[in-house]
Amino acid sequence: MTTNVPGMVRAGAVALVAAGLAVGATRVSGSVQLATPGGQAGLPESSTVLLDESSLVCPGQQRLGATGLRDVEGTVTVAAATPDQGVVAGAPAGGSGTVALLGGSSSTGLAQSSDRGAEVSAGTAAPDVVIARARGAFAPGLVATQVWRHGGDDDRGLTVTPCQLPSSDVWLVGGGGGPSRTERVIVSNPGANAVSVSLEVLGRGGPVDAAGARSISIPPLSREVVSLDALAPDEAGPVVHVTATGGVVSAVLDEQWILGATGRGIDDATRAASPSTDLVVPGVETGGGISLRLANPGSTEALAQVRLLTDKGAVQPEDLRAVRVPAGSTLDVAIPSNPAALGVGVRSDQPLVAAAWTERRATTGDQMGDFAWTPATPALRGVAGVLLPGLDGTTKRLLLTAGSAPATAQVRLGSGDSAQVSTVDVPAASTVAVDAKDAKGVWVVPTKGTLRGAVSVAGIDGGVPFFSVASLSDAPVRALSVPVRQVRN
Amino acid sequence: MSLSAPPSTGQRPNGTVDAIVVVHNGAAWLAQCLDGLAAQTLPPARLVIVDVASSDTSNAIARAHTGVRRAIPSVEIVRLDGRAPIGRAIDAGVAALPVGADASTSWVWVLHDDTVPRANALAQLLQAGLRSKSVGVAGPKIVDWDDPRRLVEMGIQITRTGRRLASPARGEADQGQYDHRADVLAVSTSGMLVRRSAYDDIGGFDPAFVEHGADLDLGWRAQLAGHRVIVVPGAVVRDASAGIDGERPGVPRPRELERRGRRAARQVTLARCSPLAAPFLAVWMALSALVSSVTLLVAKRPRQAWRELTDVSALLHPFATLGARWRGRRTKRLRRDHLGTLFVAPAVAARTTIDHIQDAITPERSRARREAALTTETGPVADDSESLDHLPASLPRRIVSHPGFLAVLAVLVATTAAWRDAIRAGALSPTNAGVAGGELRPVSTDASGLWHAFRDAWHGAGLGTGAESGPHLAVLSALTWLAERVPGVAESRSSAGVTIAWLLFLTPVLATWSAYLAGRVVTSSRVARALGALAWGTAGVAATGIAQGRVGVAVVHVLLPFVLAGFCLAARRDGTFTASFATALATAVVGAFAPPLLALSVVAALLLLVLGPGLRRARALVLLVVPTALLGPWVAQFVEDARLLLSGPGLVTTVDDRGPSGVLAHVLGEPGATSWAVWLGAPLVVLGVLGLATRGRSRAESVGLLVGGVLALLGLAAALLSGRVVLGSAETGVGQSATAHLWAGVGVQLWLAGLLVGVLAGSRPVLESLARPGRRWGFAAAVAAAALAVVPVLASAASWGVQGIGHTLSVGQATLPAVAIEQGSGPLGNRLLLLRPSDDVVDFVLAGQEPGELLRDLDRTPDADDAPLVDAVANLVGGRGADSLDSTALARLGVGFVQVRATADSALARRLDSSGGLSRLGTSERGILWKVQPLPAADGGVAATAPSRARLVDADGALLRVVPTSGPHAAVDTMLPAGKAARFVVLAEPAEWSQQALVTFDGRELLPVAGAAQPTYAVPPTAGELEIDLAAAQPWWRLGQGLLLGFVVFMAVPFGNRRSRRRT
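Since we're looking at a predicted model, the values are computed, not measured. Each chain has its residues counted from 1, running along the sequence as written. Going through the entries in the order they are written, you letter the chains from A and number the ligands from 1. Residue-level local features of this predicted model are given only where pLDDT is at least 70; pairs of side-chain atoms are given and counted only at 80 or more, and the full residue set underlies all totals for whole chains, interfaces and linings. For the side-chain quantities, the full set of heavy atoms in the structure was used; hydrogens and water were omitted.

**Here we look at the state of the cysteines**
Residue and element names in this part refer to chain A. Only a pair of cysteine sulfur atoms within 2.5 Å qualifies as a disulfide here. The final tally for this structure, using the stated rule, is one disulfide over all chains. Here Cys58 is linked by a disulfide to Cys163, with a sulfur-sulfur distance of 2.0 Å. One quick way to see it: the torsion about the S-S bond of Cys58 and Cys163 is about 110 degrees, and its sign makes the bridge right-handed. Note that Cys58 is positioned in strand β3 (residues 53–58) and Cys163 in the loop between β10 (157–162) and β11 (169–173), a separation of 105 residues in sequence. Take Cys58 and Cys163: they sit in the same class, and that class is buried. Working definition: helices are DSSP H or I runs of at least four residues, strands are E runs of at least two. Numbering for both runs from the N terminus. For every residue, the accessible area (1.4 Å probe, protein chains only) is compared with the maximum for its type, and the residue is labelled buried under 20%, exposed over 50%, or partly exposed between those bounds.

Right, here's the structure in full:
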């Protein structure tokens, strides 16, 4: 048998080349790009963009339409405005837009303006939700506030309620026990479809059972008023958790307290920051009793440390060093009086919800007075503001509380040509008060650090104080624009 | 026994016989012919050798032959100087014979130079001739020159219409089956004994028929004149048929001779039939020639068809025919119908034709050749020559012991085991929608949906596109159409999905089968081919490809063996065009799924075109042109974007396996394998490389082995390089894409195919060694090689069966809400917007009745057409707008439903919840479903129940009524009632749609309103029929493709068996 030389050459060559290719593939790196691969097929990254339409929900006349509660007639003043040119960072100069107030399920136009800086305001006495809506260049930075001011005996008091962005999950801290202390939870649905809302109440002794199954349906562009006393009768320290399914809602807790024959006041508790282990209640006005209500929605007892963030820095009262909040329960702790404006910092090992209650009372007579609820709020990021319509002759103070680092903010008092602009530095863990004088609106643009704030309004009416605190929350400015991509299957 | 002639009596019968031998360049046979004459038991009295201008040594042989002169007293040679036809030559011979006293007892025996009469032939003929005075002509049994047991002719058999019937067929074994024949219409002049008086009576040969048809005409006229023509089975003449077989120098080609013979037979028939019948007969001849010619053309017998058609030329010489008829009038004594029994009965002719057809189309049995040889075995067979052991086994036993069948069966078992989980989940059930996952997208459509996606000018998912769609859709559509013939499949929610699932499931089985068949081009050993097929069918690359839902890889795996074998056949001398066309068709299908292989086939065909000799170039041209032309305009896009040539639907990957383990997996033919199973491929690689060293039996085979090696290396190089060529990006999940390149498996398939060529070639020496153990070491090596080949392949198949196909493919992904499917496929034709939010991007699918992309492909830049849609979706999912949205933009786009794959408490779900015009229908595991409110109706308009694809609006754009659609992308065929004022039909399609759609109202074409955001057409206020047709893109191309496909399929389908094709 002769040797098959060509065949062996053939097989040998194939084996050699194959081995060479394999070895080469492991040794040589690098690649050829015939096209540039794109992570998202050429789409833009997600970005924040200025809104071209924004709306805020105001509860409307709070004191009407609650089943089982006495209607209190009256007119609330709703005001909406968009900030001056240049306040919203990144917004193009000029541009037209509108700001409008719309009332009720038929979106009746209450007031409208196309002038930048003009405050659109209207009074409403109807039990309807009021929606402030801005379009076009006016949409970023829209701010709306609702003011209820009532003189007289029982129903007297001042409520300055910032209108809110709707959300699906609202914590309301406020209310208390006792006869003639009434709380109304006003839930508004700004959407075009009915929303199902469930209300849970946490109390001193844990979750309030009767309220567990409470669920209501709110028609489009409507509001429902629920009496908290019906949900949680005789609860001394209620905290209400409103959750919506099938849409988003805005909710406030309107509280009126008449102790015996003494009108103690009236106020709206607005949305508190979601449960967190690090909370700051900004702008607690002193001058009367102060207490802090903590709620622990979790299933583990929380150990909290409460500090006062004063104008001279953080102060740690000894008996607030360790506060135990039982699981699923609420707890009111008294805050020692302090001469200056302050904020309250809460750190805990479990997420908590918090708000501070402050009070001003007459020193004479039956010591009538007024109180205010100030919720813990998230830090400000963009533009925040409060409008103060029809509050001439009152003392208005802007209270800014910084977090663990020093913060700076640009503060605008008033708008248009008469606006006073100043830069306010807030040291770390401190609170700074700025006198707002007779400004019709207060705008805050944080420029450095984490900052929270509130505007307090106080005055005397017939020797009896009236008082309210409106916390600052971010105005709708930008939205996260998520790129959309079409896929074929 | 019929051949054994009765012993001659030796007594001279009452009659004289003169012989004529016609010689024309017959040197090869003449001596034997004369020998035969000399050996006659009854030698003729005189012999005239008519030499028709022979230019060879015939004349010398005739002069020098002493044997014949010894036997026959008078031998005369007549030399004709010019070429004379046979009739003239015989006439010349007869003229040279003296006229006896009694012409009725004088006979002339005519022989050709290539005939050898058996010794008693003349005696037998004469005896038969003398038996009756009426016999004018007697013909012998003409048998084959080489094998006297095979018949050539026994009298001329002809139908009434002049069609000659080969009865007996040339070469038919003589078992005495025609020996009953006596009276015939005519006999061949070869060995013909003619009574001199009869010859003189009819005047010899007619001048019109002296060459072809001379014998037929002579016999016919003899019969008409009352002289019987008989055939004498006892008289046997061996005939070399030198003229017909083309062995005689200087005569036309055999085919031409046959054609002339056929034509002459027709002409004789026209000349001798009844004058009344002649015109009808002429018409019949023309018609039947035409019909049979067309039939034969359809049966792909172009030569036979041409032969049939030349029969018509018999009608082209009417004057010659009329002249012959005029000349024959004198001698006609009998009525023509007296000859009726001499013609072949129509029933017999028909039966013969049917037999021919049956013979041509019945499948050839593998032992046909041996059986044919046995037919001439007439005697008893020795018992030991056909013992029972050698009898063919029964059919079931043959099937069960067939290695190819066993390989296919084994793969079927392994496949079923591997698919057990999927089958249990209903992957193959027609009640489900098939499988999806990996590269395969969920699909819910049918054959028509896929066809529209391929053919329509405006097609595709979402808002659609006018770009050229892939021809793989047409292939899948055809497969689905076939599958829909199976009961139950057509009723499936997604017959296409079910078909694709079955295709994936059956791929290993089909690939095994195709590899077994294709392996024949390398070796005929069934065992080796079965092993190779098993290795191919269960190859890791196929298993991985199927597990990842790569339909293209599956198709390639099935067809690649055929394509490679087809190219091999085309390059071989014995290749056929049928095979080449079939290969071209398979190449086109492979190319439709895997463009890189199309490119490779083009290169291979070009090489063959340049290097191949002779007809191979023509076949290479077929392989070069046909696949490209079949794929049509789709191929043109490769020019614009070469990346597409390197990718393909379901052929890209975003996984980087360039590391050493990845390289090893590629080399071992198991891409993606991570376990020890990867090493099961190693023996095959080693054996494949070693097998390439096998000594080729011919130079062609050596070249083939070299090509196999080159193919393997090309494949390996492609597999290793594909990961380094970035083609772009492909979607990897919701909102994510990653760098994409060609899947290495395509190269691995080629590498494996090349190695299998080596394995099959190397099997030959191994099997020889096993069958005939010679040297001890050689035998041991063969056993080791066989074990090395068999064990890992079986282990690999078993391991695959045990491990299963993985969890990438799953069942029931293509589940859109029933209500959306119902409205989407109904007259509303609305769509479902499916949102898949992620942190970075929201992916959306606009699902309508149009199927989406079946397989993952490279990302393309979004079409500009989609801008309104993208804006509407962007607005919906967030961004600049407020929380309270308006859904009219969706309704305008014909979106009837929105489904979000998110939880109810996600921001997007809440956003949709609070949007005007959206109402939540429910929540399922697939997401939350919202219904979109239809656009409000105008005053007096008909309110819609849901958004629709086509709508009739008034001048203000308010809805008048819904226009029902009848097909994908707003195809409409409906009657519109009369309206009052100006009205418009608006289609929820992108603006570019109107460039492709043909919109007509009562037959008049409507033009789109310029500047409208959506295609809008002004419709007259009268009642009328509105038609919207999405005419095929490039209709001429499509028509051409269709015709070409028909032609290629026609050419690719073998008609009749190989035997019958060889015969033509």
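**A look at the packing of aromatic side chains**
Residue and element names in this part refer to chain B. Note on aromatic contacts: the rings of Phe and Tyr and the six-membered ring of Trp form a pair at centre separations within 6.5 Å, being stacked when their planes are under 30 degrees apart, edge-to-face when over 60 apart, and tilted otherwise. The full count for this structure, using the stated rule, is ten aromatic pairs over all chains. Centre to centre, the rings of Trp220 and Phe343 are 5.2 Å apart; their planes meet at 65 degrees, and the pair counts as edge-to-face. Highlighted residues: Trp220 in helix α7 (residues 214–224) and Phe343 in the loop between α12 (318–328) and α13 (346–361), separated in sequence by 123 residues. With respect to class, Trp220 is no different from Phe343; both count as buried. Judged by centre distance (5.7 Å) and plane angle (85 degrees), the rings of Phe581 and Phe1047 are edge-to-face. On the criterion of sequence distance, the pair formed by Phe581 in helix α24 (residues 577–593) and Phe1047 in helix α38 (residues 1035–1052) is long-range, its members being 466 residues apart.

**Digging into the pattern of salt bridges**
Residue and element names in this part refer to chain B. Within this document, salt bridges are pairs made up of a side-chain nitrogen of Lys or Arg and a carboxyl oxygen of Asp or Glu, the two lying within 4 Å of each other. Within the structure shown, the criterion is met by 52 salt bridges over all chains. The salt bridge partner of Glu308 is Arg262, with a shortest N-O separation of 3.1 Å. Remark: Arg262 occurs in helix α9 (residues 254–272) and Glu308 occurs in helix α11 (residues 302–310); sequence separation between them is 46 residues. What makes Glu308 buried here is its relative accessible area of 7%. Across the pair Arg856 and Glu439 runs a salt bridge whose closest N-O atoms are separated by 3.0 Å. Of this pair, Arg856 sits in the loop between β16 (842–847) and α34 (867–877) while Glu439 sits in the loop between β10 (435–436) and α18 (447–455), and the two are 417 residues apart along the sequence. The network of salt bridges with shared partners includes Arg163, Arg262, Arg266, Glu308 and Asp311.

**Focus on a negative patch on the surface**
Residues and elements named next belong to chain B. Taken together, the side chains of Asp973, Asp1002, Glu1025, Glu1027 and Asp1029 make up a negatively charged region of the molecular surface. Sorting elements by how many residues they give to the negative patch places strand β27 (residues 1024–1029) first, with three residues. Its place among the elements puts Glu1025 in strand β27. Residue classification places Glu1025 among the partly exposed positions, given a relative accessible area of 30%. Distance thresholds for patches are 9 Å for like charges and 5 Å for nonpolar side chains (Val, Leu, Ile, Met, Phe, Trp, Tyr), applied to residues having over 30% relative accessible area and no salt bridge. To be clear on the numbers: accessible area is Shrake-Rupley with a 1.4 Å probe, and residue cover counts the displayed protein chains and nothing else. All tallies of charge rest on Lys and Arg as positive and Asp and Glu as negative; His and the ends of each chain are not included. Charged side chains are reduced to one point each, which is NZ for Lys, CZ for Arg, CG for Asp and CD for Glu.

**Quick look at the domain arrangement of chain B**
All names here are of chain B. What fixes the domain bounds is an automatic or database domain assignment. Looking at the assigned domains, one finds that chain B contains domain 1 (16–355), domain 2 (403–460 + 469–803), domain 3 (819–932) and domain 4 (950–1033). In this structure, domain 3 and domain 4 have C-alpha centres spaced 25 Å apart. Buried area: the sum, over both parts, of the accessible surface (1.4 Å probe) that disappears when the two are put together. Carbon and sulfur atoms supply 43% of the area that domain 3 and domain 4 bury against each other, a total of about 920 Å² over both sides. The tally of links between domain 3 and domain 4 comes to one salt bridge. The salt bridge involving Arg831 is made with Glu989; its shortest N-O contact spans 3.2 Å. For this analysis, a polar contact is any N or O atom pair within 3.5 Å, provided that within protein one partner can donate a hydrogen and the other can accept it, and provided that sequence-adjacent residues contribute only side-chain to side-chain pairs. Remark: the boundary between domain 3 and domain 4 carries six residue pairs in polar contact (both at pLDDT 80 or more).

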